[in-house]
Amino acid sequence: MTLKRIARIRAIVAIVLVATAWLTAPSLLSGAAPNGSRIAFEGDRFSSWGLSVMKPDGTGASDLFAPYGAADASWSPNGQMVAFEGDPNGDGNLEIFVMNADGTNVRQLTDSPDRDYWPDWFPNGKQIAFTSLRGGVPNIYIMNADGSDQQALTDDIEFGSFEPDVAPNGKRVLFMRARQFEPPTLWTIDTDGANLTQLTELGAYEDLDPQWSPNGKRIVFSSFRSGSYEIWTMNADGSNMIKLTASPGADFNPTFSPDGQQIAWWKLRFGQGDIWIMNADGSGQVNVTNSPVFEGFPDWHQGHLGQ
């Protein structure tokens, strides 16, 4: 096991157990697949830890390369560019970058004294939401896709806000929020900063990794509320929670297919990660990687073409 892999596994443990201590464990995505025909993931499929891409059935896997230890990448809606976080100086101070989906024309968008990470494109392709520690506490920021006009969407010194996911209509942002060392809960806020709304209640469990469904009516997330990390869905207002997984292991980072009919996620069992896919109602669960190496953190491009 390489030092890089050990560090990555430790980062996974950090976000699961002490996410509200302002630690992160990114999920990764890249590759030109605007119609949603590819799932990106990370692991050591190709001997060393890095980014890979595959078809939804697990076939056709290939390497993806991006600079600066690229992590937590996000497709542009038309699939032509990828936003990601990277460590350009190797000192742990992450910044947000964009590049063409083939790895060319890398541009740095942020340059702050502390970490900028977890980028997520707006559906119009003109803005990017991200998390920043530049104020000492993680908050959600929004900037133009060229890095200009960086503005705080949340500005709270008591609660940390992180892992934004922009609604398909571009009007609200879904994210995790918590006081330091408390379990995170899920919230939404309008993109003008109004209508901060709590969706899940504080309990002795974490609610993690939220993502909107493509039609904006449902939310998928990972939670420990049942005594193990499982994949759940709920209505966009937090009602009608349904647990989708109940098999051995811990389940994280769910991501919808572009038609909303399927969900990909990764399962951790005995230190081994694999990518799984199921129908959106929880049926038909299939391990699509099922290999002896670690594979996790899938992201399925939503494929909003022409936007």
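Up top is the structure these notes are about.
Residues numbered from 1 in each chain as written. Predicted model: local features only at pLDDT ≥ 70, side-chain atom pairs only at ≥ 80, totals over all residues. Heavy atoms only, no water.

Caption draft 1: Expanded view of the overall build of the protein chain. Within the protein chain one finds one helix and 24 strands. Once local pairs closer than 6 in sequence are excluded, the contacts in the protein chain between residues at least 24 apart make up 39%. If you sum the accessible surface of the protein chain, you get close to 12300 Å²; carbon and sulfur atoms cover 50% of it. (Helix = DSSP H or I, 4+ residues; strand = E, 2+ residues; numbered from the N terminus. Contact = heavy atoms within 4.5 Å. Areas by Shrake-Rupley, 256 points an atom, 1.4 Å probe, with all protein chains shown as cover.)

Caption draft 2: Representation of the sheet that holds strand β16 (residues 207-212) in the model. Pairing is antiparallel in the open sheet, where four strands are placed in the order β16-β17-β18-β19. Edge positions in the open sheet fall to β16 and β19 (242-243), since each of these has one partner strand only. Of the strand pairs in this sheet, strand β18 (residues 230-235) and β19 are connected by two bridges, and their pairing is antiparallel. Bridge pairing links T233 to I242 in β19. (Pairing = 2+ DSSP bridges.)

Caption draft 3: Focus on unusual backbone geometry. A positive phi angle, near 55 degrees, is found at D149, a position not held by glycine. Owing to a relative accessible area of 47%, D149 belongs among the partly exposed residues under this scheme. Its identity as a non-glycine residue notwithstanding, N240 has a phi of 55 degrees, on the positive side. Turning to its location among the elements, N240 is positioned in the loop between β18 and β19. (Buried < 20%, exposed > 50% of the residue type's maximum accessible area, 1.4 Å probe, protein only.)

Caption draft 4: Here's a closer look at the side chain of S112. With respect to the helices, strands and loops of the structure, S112 is situated in the loop between β7 (107-108) and β8 (116-121). A polar side-chain atom of S112 sits 2.5 Å from the main-chain carbonyl oxygen of D114. Setting aside its immediate chain neighbours within four residues, S112 contacts N93, E95, S132 and R134. (Polar contact = N/O pair within 3.5 Å; in protein donor to acceptor, adjacent residues only side chain to side chain.)

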